[in-house]
Amino acid sequence: MIIRTADALRDGYEISTDPGRLKRVLLSTLDAHEVYARVGFAPVADPGKLMMNFSDA
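For the chain, the count of helices and strands is two helices and zero strands. Split into buried and exposed, the 57 residues of the chain put 11% on the buried side.

Structure, rendered in structure tokens:
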């Protein structure tokens, strides 16, 4: 099931976005790194540069 989810995620953003405008897709996972690596995701090169904004919206 998780592999199908990874494939659907990859296929969905490849189809629904303009490749000229999309630069990055970030994904957070606790334990499925290998699964998402199979569909093209890789660790962030410098995670110290990333920031998040949490909202209740």
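Turning to the packing of aromatic side chains, a few remarks are in order. Considering all chains together, one arrives at one aromatic pair under this definition. Between Tyr36 and Phe41, the ring centres sit 6.0 Å apart and the planes meet at 85°, which makes this aromatic pair edge-to-face. On the basis of relative accessible area, Phe41 is assigned to the buried category, the value being 14%.

Quick look at the pattern of salt bridges now. Under the definition given, this model contains one salt bridge. Linking Lys49 and Asp46 is a salt bridge whose minimum nitrogen-to-oxygen distance equals 4.0 Å. Judged by its relative accessible area of 38%, Asp46 falls in the partly exposed class.

This next bit is on the environment of Tyr36. Along the chain, Tyr36 turns up in helix α2 (residues 33–37). Owing to a relative accessible area of 10%, Tyr36 belongs among the buried residues under this scheme. C-alpha separation for the pair Tyr36 and Asp7, spaced 29 residues apart in sequence, amounts to 8.4 Å.

As a further point, take a nonpolar patch on the surface. A surface patch of nonpolar side chains, amounting to about 270 Å² of accessible area, comprises Leu26, Val44 and Leu50. Assignment of secondary structure puts Val44 in the segment after α2.

So, on to the environment of His33. Looking at the element boundaries, His33 is found in helix α2. Residue His33 is classed as partly exposed on the basis of its relative accessible area, which comes to 49%. Separated by ten residues in the primary sequence, His33 and Pro43 place their C-alpha atoms 8.5 Å from one another.

Rules of the game
Residues numbered from 1 in each chain as written. Predicted model: local features only at pLDDT ≥ 70, side-chain atom pairs only at ≥ 80, totals over all residues. Heavy atoms only, no water. Helix = DSSP H or I, 4+ residues; strand = E, 2+ residues; numbered from the N terminus. Buried < 20%, exposed > 50% of the residue type's maximum accessible area, 1.4 Å probe, protein only. Phe/Tyr/Trp six-rings, centres within 6.5 Å; stacked < 30°, edge-to-face > 60°. Salt bridge = Lys/Arg side-chain N within 4 Å of Asp/Glu carboxyl O. Patch = residues over 30% accessible without salt bridge, like charges linked within 9 Å, V, L, I, M, F, W, Y side chains within 5 Å. Areas by Shrake-Rupley, 256 points an atom, 1.4 Å probe, with all protein chains shown as cover.

Treat this as a map of the structure, not an account of what it does.
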